Amino acid sequence: MKYYHNSPLLYEKGFSIIINDEALSFDSSICYYFDYDERSHSVNMDFPHFHSFYEMMIPLSPKAYHFINGKRYDLVPNDLVLLAPSVLHQTEYPPGPPSDRIVIGFMFPRHMPSFESGYREILSVFNSPCPVFRFHRDEQAILFSRLNEITEISQRVLSPSVRNLMIHNKFVEFLYLLYSMKDQNYYTPSTEGGIKDKIYNITSYIHLHYSEDISLTTLADTFFISPYYLSHQFKEVTGYTVIQYIQLTRIKNAQYLLLNSSEKITQIAELTGFSSFSQFNRVFRKICGMSPSDYKLSSQKTEKTVTLTSINQ
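Draft legend 1. The arrangement of the sheet that holds strand β10 (residues 89-92) in detail. Strands sit in the order β8-β7-β10 across an open sheet of 3 strands; the sheet is antiparallel. Sheet topology places β8 (71-75) and β10 at the edges, where each strand pairs with a single neighbour. Going from strand to strand, the sheet's axes swing by 20° on average, the running direction of each strand aside. With 4 bridges connecting them, strand β7 (residues 64-68) and β10 associate as antiparallel partners.

Written as structure tokens, this is what we have:
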């Protein structure tokens, strides 16, 4: 493993660290998946997805974009993208050579006696108003040194139980450093303007207000744009009609609630903005190929579980 050019991070394509990558209850499990690899334009996702675990992505090659709750963030090498559970997101890679990146998926038990408040505080950085962190080179070197130590521990320490414990402790140190350095973040979202950015503002609005009564007309009024022009430009930029995008956003959030909450299905239909249960059931079947109850039933064997190696960024 060598230092990546123009980065203080060690990198080796295809390298990974896996700790407890099993369908284990996240009520009681500590799991990690460090994935050092590349992604290309050909694997761009059509629509945002979510995870039940925390995720961090560090791009190493220029240039990529990340969409988080419908808002676009331009990324440069060594940025950190922080994603809390249930956040809808997707990465878009440009045409051309593959982009190198590091993705870290992890989860801690929900209940950790004596330490729960401490973990909750350092993980609060994942709920920052801006989910992308950009640091100057000196801060990068300090922060990324902990990740480099993790890769070295994974190769040097022979005992699996000791190795896993040391990796966990070192990663908690990394999280603490990130938490303590959060005010030094100098990332500034792009303000280029133009119709494309306006459409991204509208997709972000949809992700924030999907539970409300929104439509092509209300969006056009809110953003002072004609319904016809919005309809045409929205499809041009996103590949979806406004109604399709609203419905997909609602269904994705409904899927998360079906898998990760105890709410009744009728309540989930209401929480995700559908005017009636029959409409919710019809749209869910159309998009998912099954009813909401069948979707929930099909996941019962692995309910409240996660497999971190399903990461696809």
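Having seen the structure, we can now continue with the description.
Draft legend 2. Summary view of the side chain of histidine 51. Position of histidine 51 relative to the elements: it lies in the loop between β5 (31-39) and β6 (54-59). Of note is the side chain of histidine 51, whose polar atom sits 3.3 Å from the side chain of histidine 49. A distance of 3.0 Å separates polar atoms of two side chains, one belonging to histidine 51 and the other to glutamate 55.

Draft legend 3. Up close: the packing of aromatic side chains. For the structure shown, the criterion picks out 28 aromatic pairs. Aromatic pair tyrosine 54 and phenylalanine 106: ring centres 5.3 Å apart, planes at 15°, arrangement stacked. Taken as a pair, tyrosine 54 in strand β6 and phenylalanine 106 in strand β11 (residues 99-107) lie far apart in primary sequence, 52 residues in all. Both residues of the pair, tyrosine 54 and phenylalanine 106, belong to the buried class. Site record: aromatic cluster; members linked through ring pairs are Tyr32, Phe34, Tyr54, Phe106, Phe108, Tyr119, Phe126, Phe171 and Phe174. Sitting over the ring of tyrosine 179, lysine 182 keeps its end group 4.0 Å from the ring centre. One cation-aromatic arrangement involves arginine 250 over phenylalanine 274; the distance from NZ or CZ to the ring centre is 5.8 Å.

Draft legend 4. Quick look at the pattern of salt bridges. This model, assessed by the stated rule, comprises 9 salt bridges. Across the pair aspartate 74 and arginine 72 runs a salt bridge whose closest N-O atoms are separated by 3.2 Å. There is no split in this pair, since aspartate 74 and arginine 72 are both buried. Arginine 146 is the partner of glutamate 173 in a salt bridge, and the nearest nitrogen-oxygen pair spans 3.1 Å.

Reading guide: rules and limits
- Residues numbered from 1 in each chain as written.
- Predicted model: local features only at pLDDT ≥ 70, side-chain atom pairs only at ≥ 80, totals over all residues.
- Heavy atoms only, no water.
- Pairing = 2+ DSSP bridges.
- Helix = DSSP H or I, 4+ residues; strand = E, 2+ residues; numbered from the N terminus.
- Axes fitted to C-alpha atoms, helices over the stretch in contact; angles between N-to-C directions.
- Polar contact = N/O pair within 3.5 Å; in protein donor to acceptor, adjacent residues only side chain to side chain.
- Phe/Tyr/Trp six-rings, centres within 6.5 Å; stacked < 30°, edge-to-face > 60°.
- Buried < 20%, exposed > 50% of the residue type's maximum accessible area, 1.4 Å probe, protein only.
- Lys NZ or Arg CZ within 6 Å of the ring centre and 35° of its normal.
- Salt bridge = Lys/Arg side-chain N within 4 Å of Asp/Glu carboxyl O.

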